[in-house]
Amino acid sequence: MQSVAQPLEEVQKIFCRTPGGKKAGRLIQHFTQYASKVYGFSQMVRQAKDGRKQPRIKAPAIFTVAFFGAFFCMESMERMDRWRKTGVFRQLVPKNIRLPSHDTVRQALMKWDLREQRKQHNCVIQRYKEQRGPQKESINGWRVTAIDGVELFHTKAYRCPECLTREHRDKTTDYYHAVVVAQQVGGSANLIYDWEMRKPQDGVDKDEGETTVAQRLIRRMAETYGKITDVYTLDALFAKAPVIHAALDAGAHVVVRMKEERRRIMKEANACFANRLPDSTWEERDGKGNTVYVQAWDEEGLAQWPQVRVPMRIVKIIRHTNKTVIEANKEVFVTDVVERWIATTCSSEKADTQTIAQIAAARWDIENIGFRNLKTFNALDHCFVHDSVAIKAMIGFQVLAFNLKRLFSFHHLPASSRNRDVPLRYLIDEMRSSRRG
């Protein structure tokens, strides 16, 4: 049987012959050409590997179906099989190559070459760095990366060797998988730079914590990509000295949301702010176009966090958002007041108060985009295959598809090519529908 040596070139030939040249079909052709030329997608297909012995359907065909399944936001392996039967994948491989069933894909993913897959991901991020993507997506010149923990899925019925465990009061046990993710924030593409699985602990009751994983993730990013970020923005869960030190050792600053008002450094800062007017004020617009009046207090050189080896800077932000809400079928004008506390290692000489506030606000991008987006629209909270290797392989395909389609949409397509107010997932749905036989 002929090997799927260059499926991408076959895809391009097929799309060029598509009668009528539908826009969505042309976009897929455009995407494959772009991904191949800039990020080596066709080479990824050719180099795909798994550990099956003499398989009838080779790894490149598995790669193509798994990748475009993730690209088209499949909800389950059964949905992948329905797409196979309705012709969604038929034009993505040569006609004489048999398409894999979802059972074949499952078996291949359980033996997937994770090392080669990780190399493919690293090559995309390195190429993005070479093109100055992080700098183009910066906040006032600062390249910003957010770190967050995400639980993928849980079950009570089955446990694999790398499952984490959670005991409930009713004596039942959840088995689940979770990751800590590093994602570029503050721009439009919001690439996922890296991710690290949380591991079960050997011989102790408590599984590996998110802060331990975050340290490992920060160190690996520095080793793999060099200086790709200037600032890590973290939520209160990661407000721990070892995480801050890992970022400093990697040559980056931190901007941390603070919540524990009992901390000595927070009490000291509050005493400084109590009897003085705001150090700065400004107006801005929120995502819904509402006017926001911001007051900020800023104090640096605070050494009341003894576990951290450098003095910290504390910024207190009060946001007054003017908006209209509906109450009793009537529009009512209200002012929503929110107080935020931020700790950072950035000096005021390097980054002004407003820049720190923008960096802290950008952390919400990781809440709305990235792994949480993948869980909502790509069913990453669904266990496609409960096998430790297959889980990591599926995450790899999801991340690769996420990054490449966002690079294609936000870094390659001209602004006039599509309505930027239309969510990207709708465009992807159109592209998938154009593939039906």
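In the annotation of an unreviewed UniProt entry, the entry for the protein reads Transposase IS4-like domain-containing protein, and the organism field reads Heliobacterium modesticaldum.

1. Focus on unusual backbone geometry
In the Ramachandran plot, Gln-54 falls in the positive-phi region, its phi being about 50 degrees despite a non-glycine side chain. By the element assignment, Gln-54 lies in the loop between α3 (41-47) and α4 (59-71). Look at Gln-54 and you get exposed, because its relative accessible area is 78%. A positive phi angle, near 60 degrees, is found at Arg-132, a position not held by glycine. Summarising the element assignment, Arg-132 is placed in the loop between α7 (114-130) and α8 (133-136).

2. Remarks on the environment of Asp-194
Looking at the secondary structure, you find Asp-194 in strand β4 (residues 192-197). Its relative accessible area of 2% is what places Asp-194 among the buried residues. Separated by 13 residues in the primary sequence, Asp-194 and Val-181 place their C-alpha atoms 6.0 Å from one another. Among the polar contacts made by the side chain of Asp-194, one reaches the side chain of Arg-220 at a distance of 2.8 Å.

3. Comments concerning the state of the cysteines
Applying the stated criterion across every chain, the model contains zero disulfides. Cys-160 forms no disulfide, and the closest cysteine sulfur to it belongs to Cys-163, at a distance of 3.7 Å. Looking at Cys-160, the relative accessible area reads 4%, which means it is buried.

4. Remarks on the domain arrangement of the protein
A common way to express how large an interface is: the accessible area buried when the components associate. Assigned domains of the protein: these are domain 1 (8-115 + 385-434) and domain 2 (143-378). Each of domain 1 and domain 2 has a C-alpha centre, and these two points are 33 Å apart. Each side of the interface is counted separately: domain 1 has 19 residues, and domain 2 has 23 residues. Summed over both sides, the interface of domain 1 with domain 2 buries roughly 1900 Å², with 67% coming from carbon and sulfur. Of all residues in domain 1, His-386, Ile-395 and Phe-402 bury the most surface against domain 2, accounting for 32% of the area lost on that side. For the pair domain 1 and domain 2, the number of links is one salt bridge. One salt bridge in this structure joins Lys-392 and Glu-162, with 3.1 Å as the shortest N-O distance. Ranked by the residues each element gives to the side of domain 1 that touches domain 2, the list is headed by helix α15 (residues 388-412), at 14 residues. In terms of residue class, the side of domain 1 that touches domain 2 is built from nine nonpolar, six polar and four charged.

5. A word on the side chain of Thr-344
With respect to the helices and strands, Thr-344 occurs in strand β10 (residues 330-344). Among the residues examined, Thr-344 registers a relative accessible area of 0% and is labelled buried. Side-chain polar atoms of Thr-344 contact the backbone nitrogen of Cys-346, separated by 3.0 Å. When residues no more than four places from it in sequence are discounted, the contact partners of Thr-344 are Val-254, Val-255, Met-312, Arg-313 and Ile-356.

6. Examining the packing of aromatic side chains
Under the defined criterion, the tally for this structure stands at 20 aromatic pairs. Its end group placed over the ring of Trp-364, Arg-363 keeps NZ or CZ at 5.5 Å from the ring centre.

7. Some details on the nonpolar core
The biggest cluster of nonpolar side chains holds 95 residues, and the ones touching the most others in it are Phe-63, Phe-67 and Leu-404. Counting residues per element, this core draws most heavily on α4, which supplies ten residues. The residues that make up this core include at least three from each of domain 1 (8-115 + 385-434) and domain 2 (143-378). Excluding anything up to four places from it in sequence, Phe-63 contacts Phe-41, Met-44, Val-45, Ala-48, Trp-112, Gln-120, Phe-397 and Leu-400. Counting residues in each nonpolar core, the second largest holds 38 residues, with Trp-142, Trp-282, Val-294 and Ile-391 among its members.

8. A look at the pattern of salt bridges
A complete count under the given rule lists 23 salt bridges for this structure. Residue Arg-143 pairs with Asp-230 through a salt bridge whose shortest N-O separation is 3.0 Å. A residue pair is termed long-range when its members are at least 10 positions apart, and Arg-143 in the loop between α8 and β1 (144-155) and Asp-230 in the loop between α9 (210-225) and β5 (231-234) qualify at 87 residues. Here the two residues Arg-143 and Asp-230 agree in accessibility, since each one is buried. Here Arg-276 ties to Asp-279 by a salt bridge, and the two come within 2.8 Å at their closest N and O atoms. Through salt bridges with shared partners, a single ionic network connects Arg-118, Asp-194, Glu-196, Glu-208, Arg-216 and Arg-220.

Basis of the calculations
Just so you know, the residues in each chain are numbered from 1, in the order the chain's sequence is written. Under the rules for a predicted model, residues below a pLDDT of 70 receive no local features and side-chain atom pairs below 80 are neither given nor counted, while totals for whole chains, interfaces and linings still include all residues. Values shown for side chains rest on all heavy atoms present in the structure; no hydrogens or waters enter the calculation. To qualify as a helix, a DSSP run of H or I must reach at least 4 residues; to qualify as a strand, a run of E must reach at least 2; elements of each kind are numbered from the N terminus. Burial status follows relative accessibility: with a 1.4 Å probe on protein chains alone, a residue under 20% of its type maximum counts as buried, one over 50% as exposed, and anything between as partly exposed. N or O atoms closer than or at 3.5 Å make up a polar contact, with two conditions inside protein: a donor-capable atom paired with an acceptor-capable one, and, for residues adjacent in sequence, both atoms drawn from side chains. Throughout, disulfides are identified as pairs of cysteine sulfur atoms within 2.5 Å of each other. An automatic or database domain assignment provides the domain bounds reported here. Contacts between residues were defined by any pair of non-hydrogen atoms, one from each residue, lying within 4.5 Å. The buried area of a pairing is the accessible area, by a 1.4 Å probe, that goes missing from both parts when the two are put together, added over both. Each reported salt bridge corresponds to a side-chain nitrogen of Lys or Arg within 4 Å of a carboxyl oxygen of Asp or Glu. Residue polarity is assigned by list, with Asp, Glu, Lys and Arg as charged and Ala, Val, Leu, Ile, Met, Phe, Trp, Tyr, Cys and Pro as nonpolar; anything else, Gly included, falls into the polar class. Pairs were defined over the aromatic rings of Phe, Tyr and Trp, the Trp ring being its six-membered one, requiring ring centres within 6.5 Å. Orientation was assigned from the angle between planes: stacked under 30 degrees, edge-to-face over 60, tilted for the rest. For a lysine, the NZ atom is tested; for an arginine, the CZ atom; a charge sits over a ring if that atom is within 6 Å of the ring centre and within 35 degrees of the ring normal. As used in this record, nonpolar core signifies buried Ala, Val, Leu, Ile, Met, Phe, Trp, Tyr and Cys residues forming a set joined through side-chain atoms within 4.5 Å.

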